[in-house]
Amino acid sequence: MSLQAGGPKAEAAFREASLACLDGLFGFAMVLAREPAAAEDLVQETYLRALSARHKADLSENLRGWLFTILHNVWRNEVRRPRLERLDEADVSRGPRSVVWLVSPGGPHEELERVRLRETLRQAVDELPSRLREVVILRGFEGFSYQEIASILGCPTGTVMSRLARGRALIRRRLADHPSRASCEAGR
Amino acid sequence: MRTMDCDSLDLLVSAYVDDELVGEEREAFEAHLRQCRRCRGAVDEVQALLALMREAGPLHRAPPGLREMAGRVLARPPSPSARRWPLAVAAALLLGVAVSAWRQWPARRPAAGATTESSEFASLGADTHLRHVRGQLPLEVRSERAAEVAGWFAGRVPFNLTLPDYPIGSEERKPYALVGGRLVAFHGDYAAYVVYRMEHRPISLLVASASAVLPRGGSTVTSGALTFHLETLAGLKVISWTHRGLTYALVSDLPEDGARSCLVCHGSDQERRLRPAGPPPPAS
């Protein structure tokens, strides 16, 4: 069904499709704002602007990308504090360590380790510099293509590629520092 | 085929796993993988990481309250009709009357057991004030000129916001300064958030349509046809009231009884002389 502004069915389709993006938008807002109240404000503002601007946009193809773009623009233009996060290139240059043990099969103990690893993963993503965190989330959890991410963030596709590589490298390094790593390696 | 340097391929590993490498670039990378154990290991590690991320699922889920709010926002008609109220006179008048309410603050605290729930709007005013003070809510317009700030709100809020600019005489020092304003999302629409500064302390004025919210809770002071709701929230003095279709919340952490925040609209020496501390004048 067309999402273009029009009759009641189109309105309902727009509403439904927009609400389906809510978790993703909130997750992205949390990545940017890092605090629930501010993230909620960001999402609410995104929906308000989407509602008022929807007649200007062609929503038939990528409503989700459009909403994420609005949210990022709101953040970039009106909310973000002027301080820019600096990438720690030294950390990146040290490179990732092995995380092969992440996919090793195992019993309950390993399953418990996986739970801990998931929490470690959350922390690792959360600790990334914001510019890396953005692309990691948009690709890893939202499944946007590099081109879509570039459009959302307003940067070249090559920048998306490099930020994603650096972000993942930092996460891998953080995961490799997980306390259980030694025991996993010892079992190899 | 050009020999690939492993150190220069780190950027391509992620792109390859994401299926973002195409054409000759992909063919060259795959050819390199066939003969490079290190890069194959790097690909395995990125794939393992992505598998873990898929397994972990979204890091955040929208809270139920946000989902309800989003539903309300999206249920709005696309082009809401704007109500227009002459705010300048109303704000000046109301804030002046508010002086009376502030001055009654110590004597009008609710008796034990008589405390009612906090007003949603007063809470929003206090929360917005705090977040602004912490630097979490930068202003979208910055100016000491009331007309400029008010003009910025035109068309952005569903009412006509004309900020008071007290006519200070040439020999009289302005006791406050307008800092600026921004929009604050509220009930599927916007409230106007305006910041003043007095003695290096911020004073916040939040204005929204009365159709979206009415003040309630706290202790009340009636002045003429108006009822002021007085609350202390997070250590801040908050006074809220509604008049002619608009709801206001005035927030400050000024010492004493906070009545000085009302000097934003009533800051002349003459007026201060006419309004000494003590019982408030009868409401006009």
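Residues numbered from 1 in each chain as written. Chains lettered and ligands numbered in written order. Predicted model: local features only at pLDDT ≥ 70, side-chain atom pairs only at ≥ 80, totals over all residues.

**Student:** Quick one: what's the story with the overall build of chain B, residue by residue and with numbers?
**Tutor:** Along its length, chain B carries 8 helices and 8 strands. Across the 284 residues in chain B, those meeting the buried criterion constitute 39%. Here the analysis covers contacts within chain B between residues at least 6 apart in sequence; of these, 71% occur between residues at least 24 apart. (Helix = DSSP H or I, 4+ residues; strand = E, 2+ residues; numbered from the N terminus. Buried ≥ 20, exposed ≤ 12 C-beta atoms within 10 Å, placed from the backbone. Contact = placed C-beta atoms within 7 Å.)

**Student:** Lay out the overall build of chain A in plain terms, naming residues and giving numbers.
**Tutor:** Scanning chain A from terminus to terminus reveals 10 helices and 0 strands. Walking chain A from its N terminus toward its C terminus, one meets helices and strands in the order α-α-α-α-α-α-α-α-α-α. Across the 188 residues that make up chain A, the buried fraction comes to 44%. Taking the contacts inside chain A whose residues are at least 6 apart along the sequence as the reference set, 69% of them involve residues at least 24 apart.

**Student:** Hey, could you go over the pairing of strand 3 (residues 189–198) of chain B for me, with residue numbers and the actual values?
**Tutor:** Residue and element names in this part refer to chain B. With 7 of its 10 residues buried, strand 3 lies for the most part within the structure. Of the strand pairs in this sheet, strand 2 (residues 177–186) and strand 3 are connected by 9 bridges, and their pairing is antiparallel. Directly across from R182, in strand 3, lies its bridge partner Y193. Counted between consecutive antiparallel strands, the loop separating strand 2 from strand 3 contains 2 residues, among which H187 sits at a positive phi close to 50°. As defined by bridge partners, strand 3 adjoins strand 4 (residues 201–209) across 7 bridges and the pair is classed as antiparallel. Residue pairing in the sheet places Y196 in a bridge with I203 of strand 4. (Pairing = 2+ DSSP bridges.)

**Student:** I'd like a description of helix 3 (residues 37–56) of chain B, backed by residues and values.
**Tutor:** All names here are of chain B. Counted at 1.5 Å a residue, the expected span for helix 3 with its 20 residues is 28 Å, and the 28 Å between its end C-alpha atoms agrees. Those residues of helix 3 that sit buried are C39, A42, E45, V46, L49, L52 and M53. The arc that holds the buried residues of helix 3, viewed along the axis, is 140°, so those residues lie on one side. Within helix 3, the exposed residues directed more than 90 degrees away from the buried face are R37, A51, R54 and E55. At the C-terminal side of helix 3, G57 shows a positive phi close to 75°. (Expected span 1.5 Å × (residues − 1). Arc of directions from axis to C-beta.)

**Student:** Let's hear about the interface of chain A and chain B: which residues, and what values?
**Tutor:** Put simply, an interface is often sized by how much accessible area is lost when its parts join up. Across the contact, 46 residues belong to chain A and 37 residues belong to chain B. Of all elements in the fold, only helix 1 (8–20), helix 2 (22–33), helix 3 (36–53), helix 4 (63–79), helix 6 (108–126), helix 7 (130–140) and helix 9 (157–176) of chain A reach the threshold of two or more residues within the side of chain A that touches chain B. The element that contributes the greatest number of residues to the side of chain A that touches chain B is helix 3 of chain A, accounting for 10 residues. Across the side of chain A that touches chain B, the residue classes tally to 25 nonpolar, 8 polar and 13 charged. (Nonpolar A, V, L, I, M, F, W, Y, C, P; charged D, E, K, R; others polar.)

**Student:** Please give an account of unusual backbone geometry that cites residues and values.
**Tutor:** Of note in this structure, R34 of chain A is not a glycine but carries a positive phi near 70°. Tracing the sequence through the fold places R34 of chain A in the loop between helix 2 and helix 3. Assessed through the 13 C-beta atoms surrounding it within 10 Å, R34 of chain A is described here as partly exposed. Positive phi values are uncommon outside glycine, yet D19 of chain B reaches one of about 65°. Mapped onto the secondary structure, D19 of chain B falls in the loop between helix 1 (10–17) and helix 2 (23–35).

**Student:** Give a description of the packing of helix 1 of chain A against helix 4 (residues 64–74) of chain B that names residues and reports values.
**Tutor:** Direction vectors running N to C along helix 1 of chain A and helix 4 of chain B enclose 155°, while the axes themselves pass 10 Å from each other. When the axes of helix 1 of chain A and helix 4 of chain B are compared, the pair comes out roughly antiparallel. The element helix 1 of chain A and its partner helix 4 of chain B pack so that their crossing is right-handed. Mapping the contact onto sequence places R15, S18 and L19 of chain A in helix 1 of chain A and A70, G71 and L74 of chain B in helix 4 of chain B. A class-by-class count of the residues in the contact of helix 1 of chain A with helix 4 of chain B yields 3 nonpolar, 2 polar and 1 charged. (Axes fitted to C-alpha atoms, helices over the stretch in contact; angles between N-to-C directions. Parallel < 35°, antiparallel > 145°, perpendicular 65-115°, else oblique. Left-handed = near helix turned anticlockwise from the far one by under 90°.)

**Student:** Got a sec to walk through the environment of E40 of chain A? Specific residues and values, please.
**Tutor:** All names here are of chain A. In this fold, E40 is placed in helix 3. Given 21 C-beta atoms within a 10 Å radius, E40 is considered buried. For E40 and L25, which are 15 residues apart along the polypeptide, the C-alpha to C-alpha distance reads 9.4 Å.

**Student:** Please provide a residue-by-residue account of the environment of I171 of chain A, values included.
**Tutor:** Mapped onto the elements of the fold, I171 of chain A is located in helix 9. For the pair formed by I171 of chain A and A124 of chain A, sequence separation is 47 residues and the distance between their alpha carbons is 5.5 Å. Apart from residues no more than four positions distant in its own chain, I171 of chain A is found in contact with A124 and V125 of chain A together with L49 of chain B.

**Student:** An account of the nonpolar core is needed here, citing residue identities and associated values.
**Tutor:** All names here are of chain A. Counting 111 residues, the largest nonpolar core has L25, A29, V43 and L71 as its most contacted members. Considering each element in turn, this core owes the most residues, 9 residues, to helix 2. Discounting chain neighbours no more than four positions away, the residues touching L71 are L25, F28, A29, L42, V43 and T46. (Core = buried A, V, L, I, M, F, W, Y, C linked by C-beta atoms within 7 Å.)

**Student:** Can you lay out the confidence of the model for chain B for me, pointing to particular residues and giving the numbers?
**Tutor:** All names here are of chain B. The share of residues in chain B with pLDDT of 70 or more is 67%, and the mean pLDDT across the chain is 71. Mean pLDDT across the elements of chain B ranges from a minimum in helix 8 (residues 269–274), with 39, to a maximum in helix 2, with 90. When the criterion is pLDDT under 50, residues 96–116 qualifies, and its contacts beyond four places in sequence or with other chains add up to 46 contacts. Segment residues 256–284 is flagged for pLDDT under 50; beyond a separation of four residues in sequence, or across chains, it makes 61 contacts in the model. (pLDDT = per-residue confidence, 0-100.)

**Student:** Go over the packing of helix 7 of chain A against helix 9 of chain A with me, naming the residues and quoting the values.
**Tutor:** Residue and element names in this part refer to chain A. Look at helix 7 against helix 9: their axes get within 8 Å of each other, and the N-to-C directions meet at 95°. The angle between helix 7 and helix 9 falls in the class roughly perpendicular. Contacts between helix 7 and helix 9 involve R131, L132, R133, V135, V136 and R139 from the first element and V160, R163, L164, R166, G167, R168 and L170 from the second. Taken together, the residues that form the contact of helix 7 with helix 9 break down as 6 nonpolar, 1 polar and 6 charged.

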